[in-house]
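Secondary and tertiary structure notes
Here's the letter readout for the chains.
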Amino acid sequence: MDQNLFNDICLQQLTLSGVHEGETVVVLTRGAERTAYADAFLWAIGKLGATGYHMRLPSPPDASGAWAVGDSGLGRIPLAVDALKAADMVVDCTFLLFSPEQFAIQDAGTRILTAVEPPELLARLMPTTELRERVETGAELLAKASTMRITSPHGTDVTYRLGMYPTMSEYGYTDTPGRWDHWPAAFVFTGGADDGVDGRIVLAPGDVLLPFNTYVQSPVEITVEEGFIRDIRGGAAGNGLDADLLRSYIESFEDPRGYGMSHVGWGLDERAHWHGLTQFGGGMGMELRSFYGNVMFSIGPNNELGGPNDTACHFDIPMRGNSLYLDDELIVDAGELTVPEMKPVTRR
């Protein structure tokens, strides 16, 4: 993307995020990654009359192996954490999520925006106040529910007991002290009780495995009991490459908590493409997490919600064509939202 265009979309973003004169905003990058992001955000910060600076962390010593969430690298640089805690806002171009340092920065009242997706995707999925209102409508419904049930034509039938963890919303910008968001994003989620998820999930072709950034090719049957995955097998025949890959990846962490069920919810952005992995290499998959009517469940850490599981093994799995019920009320009907206030005007 042309740098001037990148500057302009970062200005739109920070305007939505309420950046103003008198604030201090830090842009955080790592190594040689996303230097153009830093330039664009710093330009936008200056245009809004705020004070900005760029904090560049060293590259990790070993970038090989499985994606281990929660290791920000900041734990070895406490002075850097203190500086970020002193800012009004941090633009995170490294992915701090699930790290204790991010929680400490938020607890200090600093708002955090993660921006790591390709610039072209950031532009196409620019957040809006209208989308925020629809996401917050979904969050209000979810926060009131005591149970969630997910079903599908492929055989999924799983129930979450809710109420133990808070409901969270992502709509792509943050103007509230201590709040984190991810650009782009449009979904709501919560977590089931630690021992309160039971049933069967059947992944179907076209469902998405993140962080593999791949589409499921063959059915995968997942048995869940008391909040943990007890069995992963490849459909009726009991075999299949996708099931083998999922099982092997979790096993590689040598951490039984990697089988724990994490957050669950649904997406609301009609502009997001299910086929997004075919564009820009898929980025980190935020488009797939956000596409309209997807039902997404996650495996692994729940410390983002205040839970005890901080395993480094994490999966997000958005599914197509599923139905979702809150206290027996149909909220997502085979991939279509049922509540008018959650729908874009063109679908009402």
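Residues numbered from 1 in each chain as written. Predicted model: local features only at pLDDT ≥ 70, side-chain atom pairs only at ≥ 80, totals over all residues. Heavy atoms only, no water.

Named according to an unreviewed UniProt entry, the protein is Leucyl aminopeptidase originating from Pseudonocardia spirodelae.

On to the overall build of the protein. Each helix and strand in the protein was counted, giving 8 helices and 20 strands. Against the compact-globule benchmark of 20 Å for 348 residues, the protein has a radius of gyration of 20 Å, which places it among compact chains. Reported as C-alpha extents along the three principal axes, the dimensions of the protein are approximately 60 × 50 × 35 Å. Each of the 348 residues in the protein was classed as buried or not, and the buried ones make up 55%. Intrachain contacts of the protein at a sequence separation of at least 6 include 70% that bridge at least 24 residues. Here the protein displays about 13800 Å² of accessible surface, and carbon together with sulfur accounts for 51% of that area. With 25 positive and 48 negative side-chain charges, the protein shows a spacing of 2 Å between the two charge centroids. (Helix = DSSP H or I, 4+ residues; strand = E, 2+ residues; numbered from the N terminus. Rg over C-alpha atoms; globule rule 2.2 N^0.38 Å. Buried < 20%, exposed > 50% of the residue type's maximum accessible area, 1.4 Å probe, protein only. Contact = heavy atoms within 4.5 Å. Areas by Shrake-Rupley, 256 points an atom, 1.4 Å probe, with all protein chains shown as cover. Lys, Arg positive; Asp, Glu negative; His and termini not counted. Charge placed at Lys NZ, Arg CZ, Asp CG, Glu CD.)

A word on the pairing of strand β9 (residues 187-191). Most of β9 sits out of view: 5 of its 5 residues are buried. Note: strand β7 (residues 168-170) against β9, 3 bridges, orientation antiparallel. Bridging across to β9, M168 finds its partner in F189. (Pairing = 2+ DSSP bridges.)

Right, let's get into the sheet that holds strand β4 (residues 111-114). Strand order in the open sheet formed by 5 strands is β2-β1-β3-β4-β8, with parallel pairing between adjacent strands. Across the chains shown, the open sheet's two edge strands, defined by having one partner strand only, are β2 (51-57) and β8 (180-182). In this sheet, adjacent strand axes meet at a mean angle of 20 degrees when their direction is disregarded. Relative to β8, β4 runs parallel, the two being bridged by 3 bridges. The residue bridging L113 from the neighbouring strand is D181, located in β8. Packing against the sheet, helix α3 (residues 78-85) makes contact with β1 (24-30), β2 and β3 (89-92), and its axis sits at approximately 155 degrees to β2. (Axes fitted to C-alpha atoms, helices over the stretch in contact; angles between N-to-C directions.)

You can see Q13 is positioned in helix α1 (residues 3-16). For Q13, the residues in contact, after removing those within four places along its chain, are F41, L113, M126, P127, G172, Y173 and W183.

Evaluation of the coordinates by the stated rule reveals 18 salt bridges. Across the salt bridge formed by D316 and R289, the nearest N and O atoms sit 2.7 Å from each other. Of this pair, D316 sits in strand β17 (residues 315-319) while R289 is found in helix α8 (residues 286-290), placing the two residues 27 residues apart along the sequence. Look at R289 and you get buried, because its relative accessible area is 7%. One salt-bridge network, held together by shared partners, links E130, R134 and E270. (Salt bridge = Lys/Arg side-chain N within 4 Å of Asp/Glu carboxyl O.)

We now examine the sheet that holds β9. In space, the 5 strands of this open sheet follow the order β7-β9-β15-β16-β17, with antiparallel pairing throughout. The open sheet has two free edges, formed respectively by β7 and β17, since each of these has just one partner strand. Strand-to-strand, the axes of this sheet are offset by a mean angle of 20 degrees, without reference to chain direction. Bridge count between strand β16 (residues 295-299) and β17: 5 bridges; the pairing is antiparallel. Note that in β17 the partner of F297 across the bridge is I317.

For the rest of this paragraph, the subject is α3. Along α3, the positions that sit buried rather than exposed are A80, V81 and L84. The arc that holds the buried residues of α3, viewed along the axis, is 100 degrees, so those residues lie on one side. In α3, those exposed residues whose orientation departs by more than 90 degrees from the buried face are P78 and L79. Looking at the buried residues of α3, the elements they touch are β1, β2, β3 and α4 (100-107). (Arc of directions from axis to C-beta.)

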